[in-house]
Amino acid sequence: MPKIIGIDLGTTNSAMAVMEGGSYKVIPNLEGGNTTPSVVAVGVAELVGVPAKRQQVVNPRNTVFSIKRLMGRHFGDAEVSQLQKTMPYEIVEGKNGMACVKIEGKVYTPQEISAKILAKLKTDAEKFLGQAITEAVITVPAYFNDAQRTATKEAGQIAGLDVKRIINEPTAAALAYGLDKKKSEKIAVYDLGGGTFDVSILEIGDGVFEVKSTNGDTHLGGDDFDQRIIEWLIDEFKKEQGVDLSKDRQALQRLKDAAERAKQELSSTMETEISIPFITADASGPKHLNFKLTRAKLEQLVDDLIQKTIKPMENALKDAGLAKTDIVEVVMVGGMTRMPKVNEIVKAFFGKDPHKGINPDEVVAIGAGIQGGVLGGDVKDVLLLDVTPLTLGIETLGGVSTPLIKRNTTIPTSASQIFSTAADSQTSVEINVLQGERELAADNKSLGRFILDGMPPAPRGVPQVEVTFDLDANGILNVSAKDKASGKEQKITIQGGTGLSKDEIEKMVGDAQNHAADDKRKKEEIEARNAADNMCYTAEKSLRDAGDKVPADVKSEIEGKVKVLRDVLATASGDDLRSKTQDLSLALQKIGQAMYGQGGGQQPDSGDDKKDDKGGSDGPVEGEVVEDK
Amino acid sequence: MVNTADDVNIHKDCEAKLDELENNWKRALADYKNLQRRVEEEKTAVVDFANFVLIARLLSVLDNLEMLKTHIDDVGLKLTVKEFEQILLDEGLTGLGVNVGDTFAHETMEAVDKDGDGDDVRVVEVVRKGYKLRDKVIRPARVLVKKG
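Residues numbered from 1 in each chain as written. Chains lettered and ligands numbered in written order. Predicted model: local features only at pLDDT ≥ 70, side-chain atom pairs only at ≥ 80, totals over all residues.

Chain B has the name Protein GrpE in an unreviewed UniProt entry, where candidate division WWE3 bacterium GW2011_GWA1_46_21 is given as its organism. Under the heading Subcellular location (unreviewed entry), UniProt records this for chain B: "Cytoplasm". (UniProt positions renumbered as here; feature names shortened; annotations may be inferred.)

Per an unreviewed UniProt entry, chain A goes by Chaperone protein DnaK and derives from candidate division WWE3 bacterium GW2011_GWA1_46_21. Here is the UniProt Function (unreviewed entry) comment for chain A, exactly as written: "Acts as a chaperone." Under the Sequence similarities (unreviewed entry) heading, UniProt states for chain A: "Belongs to the heat shock protein 70 family."

A closer look at the packing of helix 5 (residues 169-176) of chain A against helix 12 (residues 363-376) of chain A
All names here are of chain A. Remark: helix 5 packs on helix 12, axes separated minimally by 7 Å, with the N-to-C direction vectors making an angle of 80°. With respect to each other, helix 5 and helix 12 are oriented roughly perpendicular. The residues of helix 12 that touch helix 5, namely those facing E169, T171, A172, A173, L175 and A176, are V363, V364, I366, G367, A368, I370 and Q371. By residue class, the composition of the contact of helix 5 with helix 12 is nine nonpolar, three polar and one charged. (Axes fitted to C-alpha atoms, helices over the stretch in contact; angles between N-to-C directions. Helix = DSSP H or I, 4+ residues; strand = E, 2+ residues; numbered from the N terminus. Parallel < 35°, antiparallel > 145°, perpendicular 65-115°, else oblique. Contact = placed C-beta atoms within 7 Å. Nonpolar A, V, L, I, M, F, W, Y, C, P; charged D, E, K, R; others polar.)

Comments concerning the sheet that holds strand 21 (residues 413-419) of chain A
Through backbone hydrogen bonds, the strands of a sheet pair up, either in parallel or in antiparallel fashion. All names here are of chain A. If you walk across this open sheet you meet the four strands as 21-24-25-26, and the pairing is antiparallel. Here the strands that pair on one side only, and so sit at the sheet edges, are strand 21 and strand 26 (489-494). Neighbour-to-neighbour, the strand axes of this sheet turn through a mean angle of 15°, independent of strand direction. Relative to strand 24 (residues 465-471), strand 21 runs antiparallel, the two being bridged by seven bridges. Opposite S414, over in strand 24, you have D470 as the bridge partner. (Pairing = 2+ DSSP bridges.)

Overview of the UniProt feature "coiled-coil region" (unreviewed entry) in chain B
What UniProt calls "coiled-coil region" (unreviewed entry) maps, in this numbering, to residues 11-42 of chain B. Taken end to end, residues 11-42 of chain B is 100% helix and 0% strand, and its two terminal C-alpha atoms sit 46 Å from one another.

Structural notes on the pairing of strand 22 (residues 429-435) of chain A
Residues and elements named next belong to chain A. Burial within strand 22 is extensive, with five of its seven residues counted as buried. Sheet topology note: the strand 19 (residues 392-396)/strand 22 ladder contains three bridges and is antiparallel. Along strand 22, the bridge assignment pairs G393 with L434. One ladder, built from seven bridges, connects strand 22 with strand 23 (residues 445-452); its direction is antiparallel. Each residue of the ladder has a partner; that of Q435, found in strand 23, is K445. (Buried ≥ 20, exposed ≤ 12 C-beta atoms within 10 Å, placed from the backbone.)

If you want it as structure tokens, here you go:
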């Protein structure tokens with residue numbers, strides 16, 4: 001079935017996405033990148049994207065970038081005269097007063113140049129998807145007028161694409177977050193990209209978006225932020241080494257790479273080291289650049305750039321006739337919104353946390369892809385399949401939470417696992433169904449519990465109880481437990497187990513992250529205790545089974561070690577238990593030695609749960625069902 | 001049994017729903033098949049280029065070691081660099097062989113500066129060596145060119 005792809009035709013970079021199996025997929029280009037530089041080299045060889053960028057310096061007059069700024073513009077527009085001064089390629093007046101570019105004597109319309117970018121994306125998408133692509137949804141800035149929209153549509157047609165719809169970039173971003181589901185709401189979209197800043201106020205009602213206002217700064221973006229870091233590095237280097245790097249093109253190139261990397265790193269770390277060995281040399285020998293840049297320092301360097309985005313937000317609100325408090329959702333677009341300070345400013349301005357989670361470089365293309373999916377019938381509804389927001393599992397020996405369905409698993413789904421008993425002759429097990437990310441049962445939410453009884457008495461670890469979780473598309477969870485020997489079965493149905501609010505889910509996930517180290521330690525302690533108990537049991541059983549074949553001294557040694565371990569079982573630390581268990585395990589091997597030649601079967605189990613020696617599909621796994629009292 | 005108008009409508013609705021569901025099911029299956037094919041392809045690609053990202057990052061260390069070699073005449077250093085180079089060589093890394101005097105080629109080179117203004121574009125200096133990992137360019141050579 002032919003797909004309709006979504007294309008974000010950007011000023012600096014373009015991206016594309018498609019709906020597949022009810023969810024979106026960003027389509028990488030042939031070079032393997034998720035975004036493609038919107039750069040076109042025209043001339044002998046026609047190049048688009050990274051290859052075009054590589055030869056930009058060689059052929060500046062043949063290499064067109066930021067063509068989006070010319071789309072649908074008249075030659076007389078103020079914006080065009082401005083661009084004429086800064087662009088290395090020639091901008092001329094074309095047919096009907098249209099702003100065009102002239103390369104090697106030939107005039108190209110902005111549509112034709114954009115079409116070359118779209119054609120590359122189309123070819124790469126066809127290769128990736130393994131099918132012909134003829135239809136697309138393309139995004140444009142909300143402030144684009146009719147002429148600019150028409151020009152974008154024409155570019156698509158030239159590239160051999162039937163443009164099913166032109167949608168606004170902020171609308172696409174909101175779609176990517178599924179905000180079209182909201183009844184009636186006002187949304188702000190903050191888009192700080194590589195070279196432009198846009199803020200849009202949208203109103204949504206019954207799945208239809210209306211742009212109430214837009215504002216921004218057409219010459220503010222990530223490149224300005226990089227430049228600030230480069231300037232700082234040049235200053236610092238001059239202070240330290242007395243050498244001016246600003247005239248050295250090779251050094252500048254390396255500074256630019258390092259600045260971009262440092263900026264990205266400081267979105268997740270508080271401090272980064274910028275080191276460029278052998279950046280330059282003078283009479284005294286080679287010189288190296290090595291500076292620490294903290295997040296705080298970076299924020300100070302770019303503070304005025306970030307502050308510059310506040311006024312447009314105020315203006316957009318004013319134009320829409322709204323107050324900050326009217327805005328219910330805030331969506332972030334563009335790579336620069338990864339910067340924590342940018343988030344902070346936006347959050348402080350609107351007084352609410354912006355939507356995050358989708359790659360801000362791809363979110364517009366994704367929204368366009370979703371729109372393409374809706375138009376193509378791939379999706380009636382944006383979210384066909386849901387995921388379970390929290391892990392579902394059962395409580396096992398020692399109060400450990402054992403997961404069966406991990407969080408973020410796409411539903412409907414089912415999972416089953418075999419468990420066993422914790423005590424000899426245990427005839428019933430209790431199944432406590434848990435929801436949550438914590439390691440211990442007590443810290444998770446119990447959704448319900450039931451008892452499977454009437455199991456034939458057997459030594460511990462022998463019975464096989466198959467526990468099955470089945471989570472349907474509506475989030476209804478069916479849990480069943482079946483004793484394989486007797487065929488007895490019990491089940492429970494939990495309705496709306498996942499019906500938690502977003503805040504509750506986030507809190508539960510957050511708690512798990514905060515307690516991760518502590519929980520892990522507690523769980524390891526319980527596991528050590530279980531292993532120790534198991535080892536004692538194995539030792540006693542082995543001694544019983546072997547009878548008087550075991551020499552008296554070995555027997556008393558083992559009995560002594562079992563007693564030592566049992567005495568401290570409830571109180572000792574995990575490390576202590578592990579070493580004592582190991583000790584007992586070594587002593588146990590003496591039974592084997594004494595009975596050498598009498599066949600296996602009684603090989604003492606190491607008792608270490610971590611070892612995957614009972615991972616077979618038939619054997620009980622992952623510890624035992626908690627003992628029924 | 002007499003068919004009332006309601007029955008006919010319900011029947012129609014059901015048929016439409018059935019069509020829609022069957023259609024969705026086919027789409028999901030088709031998407032799944034395509035995904036399977038791509039996962040296979042990607043798996044092969046991952047195996048082929050498992051080290052691509054790591055090696056790409058190590059290249060700047062290699063640059064610096066080589067530069068160090070020209071400044072410090074030390075046998076130990078030379079042996080260390082050689083060992084490092086050998087490991088990368090074993091993984092399939094080779095130089096792109098870009099030399100001064102070569103005609104500019106965007107496939108293997110990235111121009112950082114130029115002189116002159118003619119049709120003949122030639123490399124006058126390689127400021128950063130280029131490499132390929134097996135047959136894929138992992139980093140183009142950074143060059144200064146002269147147009148004559």
